[in-house]
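Spelled out from the first residue to the last, the chains are:
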Amino acid sequence: MSSSAPIRSSNSKLNTMQIRCKFGQLGPGKTQFNSPHGFCLGIDEDIIVTDTNNHRIQVFEKTGEFKYQFGIPGREEGQLWYPRKVAVIRSSGKFVVCDRGNERSRMQIFTKNGHFIKKIAIRYVDIVAGLAITHQGHIVAVDSVSPTVFRISENGDLLKWFDCSDYMREPSDIAISGKEYFVCDFKGHCVVVFDEEGHFIRRIGCENITCFPNGIDISDAGDILVGDSHGNRFHVAVFQREGSLLSEFECPYVKVSRCCGLKITSEGYIVTLAKNNHHVLVLNTLYIM
């Protein structure tokens, strides 16, 4: 089934997001980035950034204070070569990092202190556009080149995969809630929802509300937050789970280019990563979960 496109009422207005903190600039030093492609929140809501062209992971307090970094540039196991995406296995705090390695995509597991544990071969993935962890601790990766979702065990076994190219054009991020997978379709201007077996359920959003979506998260209340940076401003649309539009937010105080990802903290702050601006934004929406 497919839900109809949400309607923005004529008197609806965009709520303003305030900048709580902004950190990062172009460079190789601590708290500097070079084209960072992804981030996630850690167990204590640390902000973990894949500093792509600096071949490392940097970890920050959610206030923006630098904690530590890890990664040695290179293609060998345990090294990092253009890391793109990172996720945290909640039960252990381990990091799952997707980089290039010697192939198009490689997945590696590190301890919460950044020590290498193992490599998982993912030759079947071209470019990892989104990375998430299920409640069972399974790793879910979505390929943006051939729109496909893969569910992988921490041991590296491919548990399930499904082709979603009939329903979307270019995946850009993924979030999981219960047994539903929410996949941003960057060129389709919406979120496509599948069950864990890969069956299409519904679409959320439309071009005039979720234009080139590039980040998604789900609040504790089950609301769907979808972010985009179309028009060089960071914009967030909040939907109920079935797809009705609840509210919209934007940040007029800073111009951004190619935001990657969206995460909501326990206090309701929204975190995003402006790849081309080389910085992280933490925004206060006054959104009540």
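Heads up: the structure comes first, above all this text.
Residues numbered from 1 in each chain as written. Predicted model: local features only at pLDDT ≥ 70, side-chain atom pairs only at ≥ 80, totals over all residues. Heavy atoms only, no water.

Student: In this structure, what is going on with the overall build of the chain? I would like to understand it.
Tutor: Counting its regular elements, the chain contains zero helices and 25 strands. Considering only C-alpha atoms, the chain reaches an extent of 55 × 40 × 30 Å along its principal axes. When each of the 289 residues of the chain is scored for burial, the buried share is 56%. Contacts in the chain between residues at least 24 apart in sequence constitute 45% of all its contacts with a sequence separation of at least 6. Accessible surface, the chain as shown: approximately 12300 Å² in total, 45% of it carbon and sulfur. In the chain, the 33 positive side-chain charges and the 32 negative ones have mean positions that sit 4 Å from each other. (Helix = DSSP H or I, 4+ residues; strand = E, 2+ residues; numbered from the N terminus. Buried < 20%, exposed > 50% of the residue type's maximum accessible area, 1.4 Å probe, protein only. Contact = heavy atoms within 4.5 Å. Areas by Shrake-Rupley, 256 points an atom, 1.4 Å probe, with all protein chains shown as cover. Lys, Arg positive; Asp, Glu negative; His and termini not counted. Charge placed at Lys NZ, Arg CZ, Asp CG, Glu CD.)

Student: Where do I start with the sheet that holds strand β13 (residues 148-152) in this structure?
Tutor: Sheet strands pair via backbone hydrogen bonds, and the direction of the pair is either parallel or antiparallel. Taking strand neighbours across the sheet as the criterion, the four strands line up as β11-β12-β13-β14 in an open arrangement whose pairing is antiparallel. The sheet terminates laterally at β11 (128-133) and β14 (158-163), the two strands that pair on one side only. Pairwise comparison of adjacent strand axes, ignoring direction, gives a mean angle of 15° for this sheet. When β13 meets β14, the two strands line up antiparallel, connected through five bridges. (Pairing = 2+ DSSP bridges. Axes fitted to C-alpha atoms, helices over the stretch in contact; angles between N-to-C directions.)

Student: For this particular structure, what's the right way to read the side chain of threonine 210?
Tutor: With respect to the secondary-structure elements, threonine 210 resides in the loop between β18 (200-204) and β19 (215-218). Owing to a relative accessible area of 1%, threonine 210 belongs among the buried residues under this scheme. Here threonine 210 is in contact with His189, Cys190, Ile204, Gly205, Val226, Asp228, Ala237 and Phe239, once residues within four sequence places are set aside.

Student: Before we go on, may I ask you to explain the side chain of histidine 189 in this structure?
Tutor: You can see histidine 189 is positioned in the loop between β16 (180-185) and β17 (190-195). Not counting chain neighbours up to four residues away, the residues in contact with histidine 189 comprise Gly205, Cys206, Glu207, Thr210, Cys211, Phe212 and Pro213.

Student: What am I meant to see in the pairing of strand β4 (residues 47-51) here?
Tutor: Residues in a regular strand point their side chains to alternate faces of the sheet. In terms of residue burial, β4 counts as a mostly covered element, since five of its five residues are buried. Burial of β4 is two-sided: the residues Ile47, Val49 and Asp51 facing one way and the residues Ile48 and Thr50 facing the other way are all buried. When strand β3 (residues 38-41) meets β4, the two strands line up antiparallel, connected through four bridges. The partner of glycine 38 across the bridge, within β4, is threonine 50. Where β3 folds back onto β4 in an antiparallel hairpin, the turn is made up of five residues, including glutamate 45, whose phi is positive at roughly 65°.

Don't take any of this as a statement about function, it's just geometry.
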